Amino acid sequence: MNVLVILTLLLLVLMTAIGGKKGVRSFVALFVNFIVLLITVLIMTDPNANPIILTLLACIVISSNTLFFINSINIKTKIAFVATILTTVILLLFIQFITEQSMVQGFGDEEIEGLTIFSFYLGLDFVKVAASVVIMSTIGAVADIAISTSSPMFEFYRHNPSISRRDLFLAGMKIGRDLLASSANTLFFAFFGGYLALLVRFKDLSYSWGQMVNAKVFSAEMITIFCAGVGVAVIIPVTALLSTLYLTTKKE
Amino acid sequence: MMDLLKRITRRQLVLLLLIGGAVMASLIFVYHNQSFYQQPIAKVVESTIISEQEVVDSQGNQDVIYQQQLLAELMNGADKGALIELVNEFAGSYVYHPEFQVGDQLFVTIDQVNDTERLTGGIIDVKRDHYLLMMALLFAFVLSAVGRRQGILAVISLIINAVLMSLGLNVYIQSANIDLLVIMGVVVLIMTIVSLLLISGFKHQTYAAIVATLLGTFLLLVITYAVLKLTNEQGLRFEEMEFLTRPPQAIFMAGVLVGALGAVMDIAVTISSALFSLYDKNYAIADQDLKASGRVIGQDIMGTMTNILFFAYVSGTIPTLLLYFMNGAPLGFTLSMNLSLELTRALAGGIGIVLTIPISLYTTLFFINRKRARL
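Residues numbered from 1 in each chain as written. Chains lettered and ligands numbered in written order. Predicted model: local features only at pLDDT ≥ 70, side-chain atom pairs only at ≥ 80, totals over all residues.

## Observations regarding the overall build of chain A
Okay, so step 1: When its secondary structure is counted, chain A shows eight helices and zero strands.
Okay, so step 2: In chain A, the succession of helices and strands from N to C terminus is α-α-α-α-α-α-α-α.
Okay, so step 3: Taking the contacts inside chain A whose residues are at least 6 apart along the sequence as the reference set, 81% of them involve residues at least 24 apart. (Helix = DSSP H or I, 4+ residues; strand = E, 2+ residues; numbered from the N terminus. Contact = placed C-beta atoms within 7 Å.)

## A few points about the domain arrangement of chain A
All names here are of chain A.
Okay, so step 1: Once the domains are mapped, chain A shows domain 1 (1–44) and domain 2 (48–251).
Okay, so step 2: One C-alpha centre belongs to domain 1, the other to domain 2, and the line joining them spans 21 Å.
Okay, so step 3: Considered class by class, the residues forming the side of domain 1 that touches domain 2 number six nonpolar, three polar and one charged. (Domains from an automatic or database assignment. Nonpolar A, V, L, I, M, F, W, Y, C, P; charged D, E, K, R; others polar.)

## Brief notes about helix α3 (residues 75–102) of chain A
Okay, so step 1: For α3 of chain A, spanning 28 residues, the distance from its first C-alpha to its last is 40 Å, which sits close to the expected 40 Å at 1.5 Å a residue.
Okay, so step 2: Downstream of α3 of chain A by a residue or two, Met-103 of chain A has a phi angle that is positive, lying close to 50 degrees. (Expected span 1.5 Å × (residues − 1).)

## A closer look at the pairing of strand β5 (residues 119–126) of chain B
All names here are of chain B.
Okay, so step 1: In terms of strand pairing, strand β3 (residues 83–91) meets β5 through two bridges, oriented parallel. Following the sheet pairing, Ile-84 is matched in β5 by Leu-119.
Okay, so step 2: Of the pairings in the sheet, the one linking strand β4 (residues 105–110) to β5 comprises five bridges and is antiparallel in character. Looking across to β5, one finds that Thr-109 is bridged to Gly-122. (Pairing = 2+ DSSP bridges.)

## Focus: the sheet that holds strand β1 (residues 41–56) of chain B
Okay, so step 1: Strand order in the closed barrel formed by five strands is β1-β2-β3-β5-β4 (chain B), and the pairing between neighbours is mixed. Across the sheet, the axes of successive neighbouring strands diverge by a mean angle of 45 degrees, strand direction being ignored. (Axes fitted to C-alpha atoms, helices over the stretch in contact; angles between N-to-C directions.)

## A short note on the domain arrangement of chain B
Okay, so step 1: Assigned domains of chain B: these are domain 1 (2–31), domain 2 (39–127) and domain 3 (179–374).
Okay, so step 2: For domain 1 of chain B versus domain 2 of chain B, the separation of C-alpha centres amounts to 40 Å.

## Topic: the interface of chain B and chain A
Okay, so step 1: Every contact between the two is made by 105 residues of chain B and, on the other side, 97 residues of chain A.
Okay, so step 2: Here the element with the most residues in the side of chain B that touches chain A is helix α3 (residues 129–174) of chain B; it accounts for 23 residues.
Okay, so step 3: For the side of chain B that touches chain A, the class distribution of residues is 63 nonpolar, 30 polar and 12 charged.

## Here's the deal with the packing of helix α1 (residues 3–44) of chain A against helix α8 (residues 318–326) of chain B
Okay, so step 1: Closest axis-to-axis distance for the α1 of chain A/α8 of chain B pair is 9 Å, and the angle between their directions is 50 degrees. Taken together, the axis directions place α1 of chain A and α8 of chain B in an arrangement best described as oblique. Our pair here, α1 of chain A against α8 of chain B, has a crossing hand that is right-handed. In this structure, α1 of chain A contributes Val-41, Leu-42 and Met-44 of chain A to the contact, and α8 of chain B contributes Ile-318, Leu-321, Leu-322 and Phe-325 of chain B.
Okay, so step 2: When grouped by side-chain class, the residues that make up the contact of α1 of chain A with α8 of chain B number seven nonpolar, no polar and no charged. (Parallel < 35°, antiparallel > 145°, perpendicular 65-115°, else oblique. Left-handed = near helix turned anticlockwise from the far one by under 90°.)

## With respect to the environment of Gln-38 of chain B
All names here are of chain B.
Okay, so step 1: Inspection of the secondary structure puts Gln-38 in the loop between α2 (10–31) and β1.
Okay, so step 2: A tally of 10 C-beta atoms within 10 Å means that Gln-38 is categorised as exposed.
Okay, so step 3: For the pair formed by Gln-38 and Gly-77, sequence separation is 39 residues and the distance between their alpha carbons is 7.7 Å. (Buried ≥ 20, exposed ≤ 12 C-beta atoms within 10 Å, placed from the backbone.)

## Focus: the nonpolar core
Okay, so step 1: Residues Val-232 of chain A together with Leu-106, Leu-257, Leu-309 and Val-354 of chain B are the most contacted members of the largest nonpolar core, which totals 194 residues.
Okay, so step 2: Top element by residues in this core is helix α6 (residues 165–204) of chain A. It accounts for 21 residues.
Okay, so step 3: Setting aside residues no more than four positions away along its own chain, Leu-106 of chain B makes contact with Ile-41, Ala-42, Val-44, Ala-72, Phe-100, Ile-123, Val-126 and Lys-127 of chain B. (Core = buried A, V, L, I, M, F, W, Y, C linked by C-beta atoms within 7 Å.)

## Some details on the environment of Gln-68 of chain B
Okay, so step 1: Mapped onto the elements of the fold, Gln-68 of chain B is located in strand β2 (residues 62–74).
Okay, so step 2: In contact with Gln-68 of chain B, other than residues within four places in its own chain, are Ser-47, Ile-49, Ile-50, Asn-88, Phe-90, Glu-99 and Phe-100 of chain B.

## A word on the packing of helix α2 (residues 51–70) of chain A against α3 of chain A
Residue and element names in this part refer to chain A.
Okay, so step 1: The interhelical angle for the contact between α2 and α3, taken along N-to-C directions, is 155 degrees, at an axis separation of 10 Å. By the angle between their axes, α2 is roughly antiparallel relative to α3. Taken as a pair, α2 and α3 cross one another with a handedness that is right-handed. Side by side, α2 and α3 meet where Ile-52, Thr-55, Leu-56, Cys-59, Ile-60, Ser-63, Ser-64, Leu-67 and Phe-68 of the first sit next to Thr-77, Ala-80, Phe-81, Thr-84, Ile-85, Thr-88, Val-89, Leu-92 and Gln-96 of the second.

## Some points on α3 of chain B
Owing to its 3.6 residues per turn, the α-helix aligns residues three or four sequence positions apart on the same side.
Okay, so step 1: The first and last C-alpha atoms of α3 of chain B sit only 27 Å apart over 46 residues, clearly below the 68 Å expected at 1.5 Å per residue.
Okay, so step 2: The largest bend in α3 of chain B amounts to roughly 145 degrees and is located at Gly-147 of chain B. (Bend = angle between axes of the 7 residues up to and from the residue.)

Here it is as C-alpha cells:
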C-alpha cells in the first residue's frame, strides 16, 4: 500500500470519528482546495494568464470554500470573506513589489542543480509566480483569523448592543490579538519544518553568514515567513473594522 | 498626538529611543557593510541592453533572452572605486537571473587584469541583505503595532525558536553519530515549553497545553514512522527532495515533527484555555459539560488548522510544478515527483492536529480535576 493512501484514509477516519459531520466537511474542503490549487497551477502554465489575477481568483474560491462550506453562509462568514479578499489584494501588491526589489523569484543556484534537464525559458513571469506562492501559503491562516475575529465580535455586540463604535473596534482588535501569536507560530513552524533540508545544507557546506543571507533561496524563504507574519497581523484590523462598520451602521 | 505624548512615561521614552537607535544603526550598517565581505561587491551605475533574442523550446514555450551590458563601481577590496564591466544574461521570465537596474549591488568576480584600463568580471549573485533587514524590521513593526504585547511575543518567539533550531542543527552537524530525530526531539521539547510559556504565561492551562502538545507530536511521529515502515516508504520520492546533503529520511521525519509543532500547540492552547475559562466561571461544572464544549471547539478548529498546514506546505511547490508541466511532463509523474513528500507532511500534520483534540481535552480535564481535588 502507498504511504499517501494510508495516511489519507487515516486522516479521514480520525476526522470523522472526532469531528463528526463537521469533520467530514473539513476533509472534503481540504480535498477540494487541493483540486483548486492544482487547476490554478495548470491554468498558470498559459503565459497569457496573469498569475496575480489567477491567484486572486483561486483565493476567492479557496476562502469561500473554507469559510462558507465548513461553516455556513451567514453575515459573519461573509464579512470574514470580504476581509480575507481585501487583505489578499493588499498583500499581493506588496509582495510583488518586495519580490521585484529583492530579486528572489524563480529558482536559486541550489535548486537549479537538480533541474538541469528542463528548459527554463518558459515566458512566464516568475516574479508574479513568487508573489502567488507567498499568498497561497498564507491564505489558510488569514481566513482562519478573519472568521475567528468576526464571529466573537458579533457575540460581543449581542451582549453589549449599546457599545460605541470605537469600543467595539477595540474589542475586535483584542480578540484578534489573542490569536495572533499562536497563528504566527503555526506558520513559522510549518515553514521551519519545510526548510530543514536547506538549513542542514547551509551548515554542511559551511556557508558563511554573508553567503547565507544573500542566497536567493534563503532570502525567499525568510521573506515568505515575514510576509506570512504581516498577513496574519493585517487581517485583524481589517476584520475588526469591517465588522464594526457593519454592526454599527445597521443600528442607525 | 499631544495626548499620546503626555501619556508616554520617561522609561517608555528611553526604550523607544533605544529601539529607534538600534533600527537606525542596523540600517546604516547594512547599507555600508561592503567592506565586511571578502567577495568583491559592485554597484551598477550604467546599464544597456545589448541584444535580445527570441527563443522557442521544444514544447513551444516562447521567451526572450536579453543580454545586458553593465558598468559597475567596486565598493570594497583593493580596487575600491574602480569601474568594472559586466555582462548579464536574463530571460523575460526572470526565471533564474533578474534584470539589473542602476543602483543594484552585486557580488562579482574580477578577471585577471589585462592591459586595458577597465576591469571585467562575472556576476555571482545579488546583495540582498538590506532587503532582508528591511523586511524583518517591517515585520517586527507591523506585528507589534497590531498585536502590541502579543505581536512582540510572536516576534520574540520566532527569534528564540530560530536560534534553538540553529543550535540543534549545529549539534547534529558536529556530532557524527547522534540521530537528527533525537536532537530535534530535544529541541522540540524546549521550543514547546518556551513558546507556550511565552504565549500564555505561567498558568495551569499552559502546563496542560505543554503536556498535550508533547503527547500529540509524539503520537504523530509514531504513527507516521509506523506507516512509513509498514509500507516500505512506497510512493515517497525521496530522490526529489531539494538541497540534500544528508540521508533524506532523517531530515524528512525531523521536518514532519517540527512542521506540525506550531499547529499542534495552537490546538492544545485553544482547547486548554477555553476549558479552564469555563471552569473558572463555574467551579462546579461537570466533566461531561467540559467534554462536550471541548469537542465542539475541536470540531470548529480542526478544518481550518489542517487547511493552514496544507497550504503552507504545498504552495512552495508551485514554481517546480510549473517547470515540470511546461516542459511537457505528464500530470501523474509531476505530482508524484513533487508532491509526495509535501502531501505526506501535510497529512501527517493533519493527523497530529486531529489527535491532539481529544488528547488536550483529557489532559486539561486531568489538570482541572487535580486542581479541584486540592480545593
